[in-house]
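# Survey of secondary and tertiary structure
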Amino acid sequence: MRRLILFSLLVVATADAAQVQARLIRATKDDKLADERLKVLQPKLKKTFGFPYYQQLGEKQEALKLDTTNRLDLGEGFVVFVTPKSIGKGPNKLEVEWTSGKASIVKVTVKIPDGGHLFFKGPGVANDWILLALTVHE
Amino acid sequence: MKAHHSELISALVDGELKGLRRWLVQRHVTRCAACAAEYRHFQHVRELLAANPVTSTMSDSPEFFWSKVKREIQAREGQTVNVPVPALGLSDWLGQNRFVLASAVAALIAVVVLVFAMQTPRQNSNTVVIIQPPVATVEHASTFIANTVATTIEATEAEPAVIWVSGLPWTPDMTEMKTQFAQLDS
């Protein structure tokens with residue numbers, strides 16, 4: 001019986017935990033690279049960066065746990081580390097570090113409410129840009 | 001009512017006072033020993049007068065008396081007579097115009113209620129709830145690679161916050177980018 005209660009509490013806690021989703025994106029003018037997985041995010045990306053098409057290069061999602069660093073390996077050598085500093089009450093305060101290889105590209109402290117987004121404009125590749133999109137949701 | 005007014009006590013005894021004025025004078029009489037004594041004196045005189053009515057005897061017969069009055073009225077017809085008008089105080093005026101007083105009090109209450117109603121926030125069933133879009137707030141952003149800068153573009157209602165990292169090396173293709181970035185060291 002005790003195990004059942006503990007399991008129920010664990011299930012409830014996991015279901016309510018905020019999730020952070022990171023996407024590595026290539027902004028391009030090549031319509032062949034347009035990605036259906038970014039259909040929802042595409043209008044915001046287009047309004048922000050101006051490119052007509054967006055390709056998802058990698059995606060990872062993790063549950064946020066206070067003061068626990070989440071490692072989100074997005075492929076192409078890019079890794080994002082997310083450490084929640086406060087979650088649940090109001091906007092989630094996160095420390096985000098975008099790295100490539102041994103190098104830290106950028107480190108940010110940000111407050112993101114549920115459903116909020118944070119975009120990063122990264123390096124240029126040929127005529128395209130590499131972007132990082134961070135979303136927090138329950 | 002603070003001063004002693006014999007005429008008011010007399011008026012009270014005679015039943016000439018009404019309403020608030022009557023209540024005020026009665027209250028004063030119950031509290032002021034001098035006025036209470038005067039009130040009792042007036043009442044006593046009134047009782048004596050009532051018990052001993054004046055019997056008048058007329059020299060003329062009633063018919064002859066009324067014929068003299070009629071002649072006098074006819075003789076004075078057309079003459080203007082100045083009748084002295086008593087000066088009324090505010091309390092007299094209010095006593096005579098109770099409707100005006102009541103209306104003024106009602107209007108004052110209405111104004112006070114209206115002022116309170118205007119200050120109280122309205123809560124009706126058609127309350128519009130404005131849902132603010134979830135926007136991210138960047139507190140701090142920094143870069144560690146040489147010659148790079150992170151610029152924060154704050155979020156607006158419609159668009160998310162953006163960290164614009166400029167100065168990063170440009171590469172001609174994805175393979176070259178992976179190679180070059182793998183060698184970067186901050």
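Owing to the predicted nature of the structure, the values given are computational and were not obtained by experimental measurement.

What follows is about the overall build of chain B. A tally of regular secondary structure across chain B gives seven helices and three strands. Going residue by residue from the N terminus, the α and β elements of chain B occur as α-α-α-α-α-α-β-β-β-α. In chain B, which comprises 186 residues, the proportion classed as buried is 12%. Contacts in chain B between residues far apart in sequence, at least 24 positions, make up 37% of those at least 6 positions apart.

It is worth spelling out the nonpolar core at this point. Counting 44 residues, the largest nonpolar core has Val106 and Leu132 of chain A together with Ile163 of chain B as its most contacted members. Examining the composition of this core, we find that six residues originate from one element, strand β8 (residues 128–137) of chain A, more than from any other. Among all residues touching Ile163 of chain B, those that are not within four sequence positions of it are Val106, Val108 and Phe120 of chain A together with Val138, Ala141, Ala150 and Thr152 of chain B. Residues Ile9, Leu12, Val29 and Cys35 of chain B belong to the second largest nonpolar core, which totals six residues.

Bridging between strand β5 (residues 92–100) of chain A and strand β6 (residues 103–112) of chain A involves nine bridges; their strand directions are antiparallel. Paired with Lys93 of chain A across the bridge in β6 of chain A is Lys111 of chain A. Counted along the chain from β5 of chain A to the antiparallel partner β6 of chain A, the turn is two residues long, and its residue Gly101 of chain A has a positive phi close to 60°. Relative to strand β1 (residues 137–142) of chain B, β6 of chain A runs antiparallel, the two sharing five bridges. The partner of Thr109 of chain A across the bridge, within β1 of chain B, is His140 of chain B.

Turning next to the interface of chain B and chain A. If you look at the interface, chain B gives 35 residues, while chain A gives 33 residues. Each residue belonging to the side of chain B that touches chain A can be placed in one class, and the counts come to 23 nonpolar, seven polar and five charged.

Every other side chain in a regular strand lies on the same face of the sheet, so the side chains alternate between the two faces. Burial analysis of strand β7 (residues 117–125) of chain A places eight of its nine residues in the buried class, which makes it a mostly covered element. Both β7 of chain A and β8 of chain A contribute to a ladder of seven bridges, which runs antiparallel. Considered in β8 of chain A, the bridge of Leu118 of chain A is made with Leu134 of chain A. The hairpin formed by β7 of chain A and β8 of chain A contains two residues between the paired strands, and Ala126 of chain A there has a positive phi angle of roughly 50°. Here four bridges tie β7 of chain A to strand β3 (residues 161–166) of chain B, and the two strands are oriented parallel to one another. Of the residues in β3 of chain B, the one forming a bridge with Lys121 of chain A is Trp164 of chain B.

Cut-offs and rules
Starting afresh in each chain, residues are numbered from 1 along the sequence in its written order. By the order in which they are written, chains take letters starting at A while ligands take numbers starting at 1. Only residues with pLDDT of at least 70 get local features here, since the model is predicted, and only at 80 or more are side-chain atom pairs given and counted; chain-wide, interface and lining totals rely on the full set of residues. Helix numbers and strand numbers start at the N terminus; a helix is a DSSP run of H or I with at least 4 residues, a strand a run of E with at least 2. Between the buried cut of 20 or more and the exposed cut of 12 or fewer other C-beta atoms within 10 Å of a residue's own C-beta lies the partly exposed class, and all C-beta atoms are placed from the backbone. For the purpose of contact definition, each residue receives a C-beta atom placed from its backbone, and two residues are in contact when these atoms lie within 7 Å. By convention in this section, buried Ala, Val, Leu, Ile, Met, Phe, Trp, Tyr and Cys residues joined through C-beta atoms within 7 Å make up a nonpolar core. Pairing between two strands is assigned when DSSP locates at least 2 bridges connecting them. Under the scheme applied here, ten amino acids are nonpolar (Ala, Val, Leu, Ile, Met, Phe, Trp, Tyr, Cys and Pro), four are charged (Asp, Glu, Lys and Arg), and all others, including Gly, are polar.

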